[in-house]
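Reading the structure
Next come the chains, spelled out residue by residue.
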Amino acid sequence: MKYCIYVLLSFLIISCADVNKDAEKENSSKETADVDYNPEAILDSLNITLRDQGIPVANYVHAARAGNLLFLAGKGPKQANGENIIGKLGDSLTIEQGYQAAREVGINQLSVLKAELGNLNKVKRIVSVHGMVNAAPDFKDHSKVINGYSDLMVEVFGDNGKHARAAVGMGSLPGNMAVEIEMVVEIYE
């Protein structure tokens, strides 16, 4: 009887070990990007140059990591010349200008990702985007503005760039910048 129990326990242990090995193989294959996944090559094809974001001017960091999630601080539409796109949507800025401002923020956030990760191929997916639009009280097209950011993420990362999103209006933003956007990114370990 004891022999039968030992045989049965041995069989269960071996079976569980095989299941664990299969699970480990499956998980490890999910923790690497496809061989054709190359966001940096896409940036080159779009003629987008990433730029140094410098040191934050206040008591915060550009990005904070928790496990395999990277939380990026809100960024504004600072252009290559160092100047922010400023103004209020529905007053001094058009939807098209707001769209371009949001796209500039996207370039700045991609610059932060590159600095943090060393390689954009480590981005598994864009999880969430919170877009804030400096808007006149009667402005209603916040989503059309933040599309400038979202469209860029999908251009660069394909389906991995699709994300959950909020696009909200603000009475004002720091320095009267047109938009500020923060995001959460899942990365390969």
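Residues numbered from 1 in each chain as written. Predicted model: local features only at pLDDT ≥ 70, side-chain atom pairs only at ≥ 80, totals over all residues. Heavy atoms only, no water.

Side note on the nonpolar core
- Judged by nonpolar contacts, the single largest core of 37 residues is most densely connected at Leu113, Phe157, Met183 and Val185.
- Elements with a contribution of two residues or more to this core: β2 (69–75), α3 (95–117), β3 (123–134), α4 (142–157) and β5 (179–187).
- The element best represented in this core is α3, accounting for 8 residues.
- Residues in contact with Phe157, not counting those within four places in the same chain, are Tyr37, Pro39, Leu110, Leu120, Val123 and Ile126. (Core = buried A, V, L, I, M, F, W, Y, C linked by side-chain atoms within 4.5 Å. Buried < 20%, exposed > 50% of the residue type's maximum accessible area, 1.4 Å probe, protein only. Helix = DSSP H or I, 4+ residues; strand = E, 2+ residues; numbered from the N terminus. Contact = heavy atoms within 4.5 Å.)

Considering α3
- When the terminal C-alpha atoms of α3 are compared, their 33 Å separation across 23 residues agrees well with the 33 Å that a helix rising 1.5 Å per residue should span.
- Just downstream of α3 lies Gly118, where phi reads positive at about 85°. (Expected span 1.5 Å × (residues − 1).)

Looking at the pairing of β3
- Across 9 bridges, β3 lies against β5 in antiparallel orientation. In the sheet register, Gly131 faces β5, and the bridge partner there is Ile181.
- Each parallel crossover has a hand, and the one from β3 via α4 to strand β4 (residues 164–170) is right-handed. (Pairing = 2+ DSSP bridges. Right-handed = clockwise from strand over helix to strand, strands pointing away.)

Observations concerning α4
- Compared with the 22 Å implied by 1.5 Å per residue over 16 residues, the 23 Å span of α4 between its first and last C-alpha is a close match.
- Where α4 bends most, the angle comes to about 35°, and this point is Gly148.
- Those residues of α4 that sit buried are His142, Val145, Ile146, Gly148, Tyr149, Ser150, Leu152, Met153, Val156 and Phe157.
- Its buried side turned inward, α4 meets α2 (39–45), α3, β3, β4 and β5.
- Looking at the residues trailing α4, positive phi occurs at Gly158, about 65°. (Bend = angle between axes of the 7 residues up to and from the residue.)

Let's talk about the pattern of salt bridges
- Counting across every chain of the model gives 7 salt bridges.
- Notably, a salt bridge pairs Arg65 with Glu189, separated by 3.3 Å at the nearest N-O pair. With Arg65 in strand β1 (residues 63–66) and Glu189 in the segment after β5, the pair connects residues that are 124 residues apart, well separated along the chain.
- For Lys162, the salt bridge goes to Asp159, with nearest N and O atoms at 3.4 Å. (Salt bridge = Lys/Arg side-chain N within 4 Å of Asp/Glu carboxyl O.)

Looking at the side chain of Arg103
- Turning to its location among the elements, Arg103 is positioned in helix α3.
- Under the relative-accessibility criterion, Arg103 is labelled buried at 17%.
- Among all residues touching Arg103, those that are not within four sequence positions of it are Ile48, Gly148, Tyr149, Leu152 and Glu155.

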